[in-house]
Amino acid sequence: MTLYLSQVSAIVWKDLMLEFRTRERLAAMGAFAVLAGVLFNYSLDTARVAPQDVAAGLVWMTIVFGGLLGVGRTFHLEAQDGAMQGVLTSPAPKDAVYLGKTLANFALLFPVALLVLGVFTLFFGLDLGSSPGTLVLALALGALGFVALSTLFAAVSSETHMGETLLPILVFPLLVPMVIYGVGATGRILVGRPVEEVMGNVRMLAAFAVLALAVGAGLFRFVVED
Amino acid sequence: MSTKGMRRAGTGLAVVGLLGLMFVYWLSFFWVSTEANQGVAQRIFYVHVPAAWTAFLAFGLCALTSAMYLWLRDDRLDRAAVAAAEGGMVFGAIMLTTGPLWGRIAWGTYWTWEPRLTLTLLLWFIFLGYFMVRSSTENPEKGKRFAAVVAIVGALDIPFIHLSVLWFRSLHPQPVVVKPDGPTLPGDMLTTLLTSVAAFTVLFLGLFMLRYALEGLHRELDARARRVAA
């Protein structure tokens with residue numbers, strides 16, 4: 001068990017270290033989030049639509065689109081330099097590689113999700129509603145479910161000649177539960193509904209994340225077989 | 001079963017299925033009584049529901065054979081998975097076109113975010129991804145594995161999608177056949193519906209076997225072409 005954890009954390013550190021040296025994916029996702037907020041500002045007539053009412057959907061869609069931007073490149077570096085072979089021939093089991101990659105992606109996406117929330121709060125003058133803590137929990141669980149599925153399919157799409165173009169087609173239909181429960185919870189909190197009302201949604205987000213992680217860990221070995 | 005046997009059995013079943021379908025058309029146009037509230041438009045139900053049943057059967061079969069393929073690596077299982085997925089796309093498309101046509105008259109709108117409608121649309125797109133993954137790898141073995149992974153994840157996600165879209169809201173007619181206290185559908189309508197379900201299932205199995213045999217011939221052809229080239 002300790003060995004397994006150290007194998008997972010080795011992958012996480014490797015990915016995060018590479019990211020902190022280049023800061024490519026974080027910068028891309030962060031800039032995307034802010035710029036999407038700017039575009040949303042001009043695509044909404046705030047005199048007619050109260051930002052508070054539609055912000056939940058905008059926040060989640062920005063996280064999904066921005067997330068794909070970064071997660072889609074998870075295996076880019078390895079594929080380019082043939083380094084995937086090295087990672088796979090290491091003594092770490094395939095599921096440890098998958099979990100490491102997924103957790104590293106989570107460590108990148110979660111701050112971006114918080115940034116999206118912060119930027120939208122600033123741009124649209126949102127009020128964080130009844131329970132900012134639950135809001136952050138919902139975002140974290142949603143982001144975890146999202147990276148669990150999209151990391152698995154990033155491994156698939158990076159091995160096809162369509163590349164990252166294929167990724168949204170593969171993951172969008174699967175992400176519907178995450179978006180529905182996530183937006184449902186966020187929207188209710190933003191309009192000041194009591195926290196008890198969204199706990200069901202938060203539990204479903206957690207269940208979705210757990211299932212996605214289990215499925216990803218179980219199936220990743222078939223994706224990176226050779 | 002050999003490819004030839006498969007082809008014969010498939011042709012036989014497909015012919016029986018098509019004849020059954022003609023009988024269903026006769027039943028639903030001339031025999032069955034008109035539903036009181038919805039009028040003639042309700043007759044599309046005898047195509048829509050069996051198509052839906054067949055599409056779900058096909059996608060289920062695809063997910064099952066995909067999982068078995070990843071486990072046993074028998075090429076025949078992958079052939080079965082492709083054949084089933086293609087059938088699922090076709091019957092899914094029938095369901096997705098007949099549904100809105102009926103919905104326009106019964107609900108007054110072609111499209112609504114009704115749970116079952118949404119679920120089918122998403123299922124259809126999951127399997128679109130299944131085919132796109134297959135055709136975009138240079139190594140066909142890789143394509144088979146990737147597609148199998150897509151089918152399995154899709155099948156496991158289906159209950160979740162169903163729960164979530166149900167939670168979102170519901171407008172679809174509630175079940176009228178399979179429910180705890182027996183069917184509430186009038187006798188002649190039930191007969192027509194069940195005949196249609198049988199005809200669609202037989203037709204699907206026929207097409208499935210034909211497609212399976214065709215896939216076998218394709219691969220044999222590819223293998224021979226490679227041998228000649230080498």
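Residues numbered from 1 in each chain as written. Chains lettered and ligands numbered in written order. Predicted model: local features only at pLDDT ≥ 70, side-chain atom pairs only at ≥ 80, totals over all residues.

Draft legend 1. Inspection of the overall build of chain B at higher detail. Helix and strand counts for chain B come out as six helices and zero strands. Counted from the first residue to the last, chain B has its helices and strands arranged as α-α-α-α-α-α. For the C-alpha atoms alone, the extent of chain B along its principal axes is close to 70 × 40 × 30 Å. Per-residue burial over chain B gives 39% buried out of 230 residues. Taking as baseline every contact in chain B between residues at least 6 positions apart, the subset at least 24 positions apart corresponds to 78%. (Helix = DSSP H or I, 4+ residues; strand = E, 2+ residues; numbered from the N terminus. Buried ≥ 20, exposed ≤ 12 C-beta atoms within 10 Å, placed from the backbone. Contact = placed C-beta atoms within 7 Å.)

Draft legend 2. Representation of the overall build of chain A. For chain A, the helix and strand inventory stands at nine helices and zero strands. The C-alpha atoms of chain A give a radius of gyration of 18 Å, which matches the 17 Å a tight globule of 226 residues would have. If you line up chain A on its principal axes, its C-alpha atoms span 55 × 35 × 30 Å. In chain A, which comprises 226 residues, the proportion classed as buried is 45%. The contacts in chain A between residues at least 6 apart in sequence include a share of 84% that link residues at least 24 apart. (Rg over C-alpha atoms; globule rule 2.2 N^0.38 Å.)

Draft legend 3. Looking closely at the environment of phenylalanine 153 of chain A. Residues and elements named next belong to chain A. Looking at the element boundaries, phenylalanine 153 is found in helix 7 (residues 132-157). The exposure class assigned to phenylalanine 153 is buried, which follows from the 28 C-beta atoms found within 10 Å. Considering only alpha carbons, one finds phenylalanine 153 and leucine 44, 109 residues apart in sequence, at a separation of 33 Å. Aside from chain neighbours lying at most four places away, what touches phenylalanine 153 is Leu167, Leu170 and Val171.

Draft legend 4. Local environment of the interface of chain B and chain A. Tallying the contact residues gives 27 residues for chain B and 21 residues for chain A. Breaking the side of chain B that touches chain A down by element, the ones donating at least two residues are helix 4 (115-135) and helix 5 (140-168) of chain B. For the side of chain B that touches chain A, the leading source of residues is helix 5 of chain B, giving 16 residues. Its residues assigned to classes, the side of chain B that touches chain A comprises 18 nonpolar, five polar and four charged. (Nonpolar A, V, L, I, M, F, W, Y, C, P; charged D, E, K, R; others polar.)

Draft legend 5. How the structure looks around the environment of valine 224 of chain A. Residue and element names in this part refer to chain A. Tracing the sequence through the fold places valine 224 in the segment after helix 9 (196-223). Along the primary structure valine 224 and lysine 94 are separated by 130 residues, whereas in three dimensions their C-alpha atoms are 8.2 Å apart. The residues contacting valine 224, other than those within four sequence positions of it, are Leu88, Lys94 and Ala155.

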